[in-house]
Amino acid sequence: MSFGESCSATEGCITCGDTAIVLTVVSIDDADACCQDATGRTERVATELVGPVEIGDRLLVHAGVAIELLPHDGVPEA
Amino acid sequence: MRFVDEYRDPDLARALSAQIAALTEPGRHYKVMEVCGGHTHAIYRYGVHDLLPDNIELVHGPGCPVCVIPMGRVDDGIAIAEQPGVILTCFGDMMRVPGGRGSFLEANARGADIRMVYSPLDALRIARENPDRQVVFSAIGFETTAPSTALTVLRAEQEGVENFSVMCSHVTIIPAIKAILDSPDLRLDAFIGPGHVSTVIGCRPYEFIAREHGKPVVCAGFEPLDVLQSVHMIMRQLAESRCEVENQYGRVVRWDGNPLALKALSQVFELRPFFEWRGLGSIPQSALRFTAGYARFDAEQRFELPGVQVADPKACQCGEVLKGVLKPWECKVFGTACTPETPIGTCMVSSEGACAAYYNYGQYSRQRLDLQVL
Ligand code: SF4
């Protein structure tokens, strides 16, 4: 992700701003997953903090690290 | 409501706005603090405050990571970066935070090598690519960000990367909320809880606010209707004389948070006895430092730091803004000497800072939600 995408005066610094984005896993490489957003932009994401992931899983990603695995029905496990 | 479009639906927004108004008691003034800078940004960006009745005041809290970094801490980072062979890395907004000796950007102009990264894992990659240099990550942020630093340190350990260390300025949200609750300056009715911090720590840590202070807390998402719905949930609690912790952001936040992230955090970090916050002063047990097992990754032990407290510029009123005592536009230098291009205080640096958020979006009014977003 480039400076312009992650940090700008109006959109904010995605990492500084407590911002997290939802990305979908498209491939898995050991502890990392290649993830895609709705526009098709891809990003490498570390997955150790959410446990094993599968292709098609939706992850909440902050600073290149998945901080939550979002279940397909939209409601996290208790 | 599951999809983004539904969270920006103008009809739903108007319906919620009317329901909120119906729940207010005439003649009573309500003060609701949004703790997180991400909410401050969303409120101004989408004009959410304009959809609320005049007697509900949204008060901006201290949850903007760069805003709470004191000037001395910026100087410490510059002191590390000025040592021979060091590459200092940091998140984007951190580059522009003014310290006593200027910002990281100004230090670069004097010859330092300070690089912006998107993730601490990028800093680790730079360390791998530059084995003859010392690579330091200047870590800031609340519990949303601290797990990614912890994970990076765990990976550095696994891979045996010895030239990587972290200057840890991670802070924790609960002590900051306690400091605000103890502040005599402010009378608050309720809190909008930080959604992504809560993804990690869960909702349970806020229970003392309801139990001991009698104030409702609603953990909220970041779309305009998330914020409106959380205000509605708060107003319903107040109207029914309840005070509880509720989770509006249930599609993301679990009540007990993320156990793997919490485990990584407690493995690598422990609480510092004290940490200096800009505007809030020294708060006990409010920030993280390395545990003994990971102390070799601590840049504060690897390098000598000045560690000097630097007073904020006289004109700067960030402290009052961070505590919610002053509105951004009430600061004497707002929009004149202090702008996003030439920030005097930290709240003007990050767009999650209340001053920058108001500067960028504050001129818009109720039409914004209708015309620009929806
Ligand atoms: S206008 Fe500038 S100096 Fe004043 S409170 Fe905001 S950031 Fe601080």
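How each quantity is defined
- Residues numbered from 1 in each chain as written.
- Chains lettered and ligands numbered in written order.
- Predicted model: local features only at pLDDT ≥ 70, side-chain atom pairs only at ≥ 80, totals over all residues.
- Heavy atoms only, no water.
- Helix = DSSP H or I, 4+ residues; strand = E, 2+ residues; numbered from the N terminus.
- Buried < 20%, exposed > 50% of the residue type's maximum accessible area, 1.4 Å probe, protein only.
- Contact = heavy atoms within 4.5 Å.
- Areas by Shrake-Rupley, 256 points an atom, 1.4 Å probe, with all protein chains shown as cover.
- Rg over C-alpha atoms; globule rule 2.2 N^0.38 Å.
- Core = buried A, V, L, I, M, F, W, Y, C linked by side-chain atoms within 4.5 Å.
- Near = heavy atom within 4 Å.
- Nonpolar A, V, L, I, M, F, W, Y, C, P; charged D, E, K, R; others polar.
- Polar contact = N/O pair within 3.5 Å; in protein donor to acceptor, adjacent residues only side chain to side chain.
- Disulfide = S-S within 2.5 Å.
- Pairing = 2+ DSSP bridges.
- Axes fitted to C-alpha atoms, helices over the stretch in contact; angles between N-to-C directions.
- Right-handed = clockwise from strand over helix to strand, strands pointing away.
- pLDDT = per-residue confidence, 0-100.
- Left-handed = near helix turned anticlockwise from the far one by under 90°.
- Phe/Tyr/Trp six-rings, centres within 6.5 Å; stacked < 30°, edge-to-face > 60°.

For the overall build of chain A, give the residues involved together with the corresponding values.
Regarding its fold elements, chain A presents one helix and five strands. Secondary structure elements of chain A, listed N to C terminal, follow the sequence α-β-β-β-β-β. Sorting the 78 residues of chain A into buried and exposed places 50% on the buried side. For chain A, the proportion of contacts with a sequence separation of at least 24, taken over those separated by at least 6, is 31%. When the accessible area of chain A is evaluated, it comes to approximately 3500 Å², of which 54% is carbon and sulfur surface.

Account for the overall build of chain B, naming residues and giving values.
The number of helices and strands found in chain B is 15 helices and 13 strands. Rg of the C-alpha trace for chain B: 21 Å, near the compact-globule value of 21 Å for 374 residues, within the 12% margin. Put simply, chain B has 374 residues, and 63% of those count as buried. At a minimum sequence separation of 6, the contacts of chain B that also span at least 24 residues come to 77%.

Could you give me a rundown of the nonpolar core, with the residues and numbers involved?
The biggest cluster of nonpolar side chains holds 112 residues, and the ones touching the most others in it are Phe164 and Tyr206 of chain B. Filtering out sequence-adjacent residues up to four positions away, tyrosine 206 of chain B remains in contact with Ile173, Ile174, Ile177, Pro194, Val197, Ser198, Ile201, Val217, Cys219 and Val245 of chain B.

For the site of the ligand, give the residues involved together with the corresponding values.
As a matter of local geometry, the ligand sits amid Cys316, Gln317, Cys318, Val321, Cys331, Val333, Phe334, Cys338, Gly345, Cys347, Met348 and Cys355 of chain B. Its residues assigned to classes, the shell around the ligand comprises 10 nonpolar, two polar and no charged.

How would you sum up helix α5 (residues 120-129) of chain B? Please name residues and give values.
Turning to α5 of chain B, its buried residues number three or more, namely Pro120, Leu121, Ala123, Leu124, Ile126 and Ala127 of chain B. At the N-terminal end of α5 of chain B, a side-chain oxygen is found 3.0 Å from the backbone nitrogen of leucine 121 of chain B, two or three residues along, and the residue is serine 119 of chain B.

How would you summarise the environment of aspartate 132 of chain B if you had to cite specific residues and measurements?
Residue and element names in this part refer to chain B. Inspection of the secondary structure assignment puts aspartate 132 in the loop between α5 and β5 (134-141). The exposure class of aspartate 132 is exposed, given its relative accessible area of 68%. Along the backbone, aspartate 132 and asparagine 163 are 31 residues apart, and their C-alpha atoms lie at a distance of 7.8 Å.

Describe the state of the cysteines, and please don't skip the residues or the numbers.
Residues and elements named next belong to chain B. If you walk through the whole model with that rule in mind, you get one disulfide over all chains. Between cysteine 64 and cysteine 67 runs a disulfide, and the two sulfur atoms are separated by 2.3 Å. In this structure, the disulfide formed by cysteine 64 and cysteine 67 twists by about 65° around the S-S bond and is classed as right-handed. Per residue, the accessibility class of cysteine 64 equals that of cysteine 67, and both read buried.

Residue-level account of the sheet that holds strand β9 (residues 245-247) of chain B, with values.
Residues and elements named next belong to chain B. The five strands lie next to each other as β2-β1-β7-β8-β9, forming an open sheet whose pairing is parallel. Each edge of the open sheet is held by one strand with a lone partner, namely β2 (56-63) and β9. In this sheet, adjacent strand axes meet at a mean angle of 25° when their direction is disregarded.

Give a description of the pairing of strand β3 (residues 86-90) of chain B that names residues and reports values.
Consecutive side chains of a regular strand alternate in pointing toward one face of the sheet and then the other. Residue and element names in this part refer to chain B. With respect to burial, β3 is a largely interior element, five of its five residues being buried. Judged by which residues are buried, β3 turns out to be covered on both faces: Val86, Leu88 and Cys90 on one side and Ile87 and Thr89 on the other are all buried. Pairing analysis gives five bridges linking β3 to β5, with the strands arranged parallel. When the bridges of β5 are listed, isoleucine 87 appears paired with valine 135. Once you follow β3 into helix α4 (residues 104-109) and on to strand β4 (residues 114-116), the crossover reads as right-handed.

Go over the confidence of the model for chain B, please, and point to the residues and values.
This prediction gives chain B a mean pLDDT of 90; 94% of its residues lie at or above 70. Low pLDDT, under 50, characterises residues 364-374 of chain B; the stretch is placed with 24 contacts to residues that sit more than four places away or in other chains.

Describe the packing of helix α6 (residues 146-159) of chain B against helix α11 (residues 259-268) of chain B, listing the residues and the values that go with them.
Packed helices, taken two at a time, are described by their axes: the angle between them and the distance between them. Residues and elements named next belong to chain B. Contact geometry of α6 with α11 gives a least axis separation of 9 Å together with a crossing angle of 65°. Crossing hand, α6 versus α11: left-handed. Between α6 and α11, the contacting residues are Ala146, Pro147, Ala150, Val153 and Leu154 on the first element and Ala261, Ala264, Leu265, Gln267 and Val268 on the second. Class assignment of the residues belonging to the contact of α6 with α11 gives a composition of nine nonpolar, one polar and no charged.

Got a sec to walk through the sheet that holds strand β6 (residues 164-170) of chain B? Specific residues and values, please.
Residue and element names in this part refer to chain B. Read across the open sheet, the four strands follow the order β4-β3-β5-β6; overall the sheet is parallel. The outermost strands of the open sheet, each flanked by one partner alone, are β4 and β6. Between one strand and the next, the sheet's axes are offset by a mean angle of 25°, whatever the strand orientation. Taken together, the three bridges between β3 and β4 define a ladder with parallel strand orientation. For leucine 88, the partnering residue across the bridge sits in β4 and is isoleucine 114. Here helix α3 (residues 71-81) sits on the sheet and contacts β3, β4, β5 and β6; the angle it forms with β6, its principal contact strand, is near 170°. Contacting β3, β4, β5 and β6, α5 crosses the sheet at an angle of about 175° to β5.

Describe in detail the side chain of threonine 145 of chain B, supporting the description with residues and values.
Along the polypeptide, threonine 145 of chain B turns up in the loop between β5 and α6. By relative accessible area, threonine 145 of chain B is classed as buried at 1%. There is a polar contact of 2.7 Å between the side chain of threonine 145 of chain B and the side chain of histidine 62 of chain A.

Please give an account of the packing of aromatic side chains that cites residues and values.
Residue and element names in this part refer to chain B. By the definition in use, this model includes eight aromatic pairs over all chains. Summarising the aromatic geometry, the rings of phenylalanine 91 and phenylalanine 137 are spaced 5.3 Å apart at their centres and angled 75° between planes, so their arrangement reads as edge-to-face. Taken together, the residues span a long stretch of sequence, with phenylalanine 91 in the loop between β3 and α4 and phenylalanine 137 in strand β5 at a distance of 46 residues. The class for phenylalanine 91 is buried, based on a relative accessible area of 1%. Using a relative accessible area of 0% as the deciding quantity, one classes phenylalanine 137 as buried. When the ring of phenylalanine 334 is compared with that of tyrosine 359, the centres are 6.2 Å apart and the planes differ by 70°; the resulting orientation is edge-to-face. One end of the pair, phenylalanine 334, is in the loop between α13 (318-322) and α14 (354-361); the other, tyrosine 359, is in helix α14, with 25 residues separating them in the sequence. Classification of phenylalanine 334 as buried rests on a relative accessible area of 18%.

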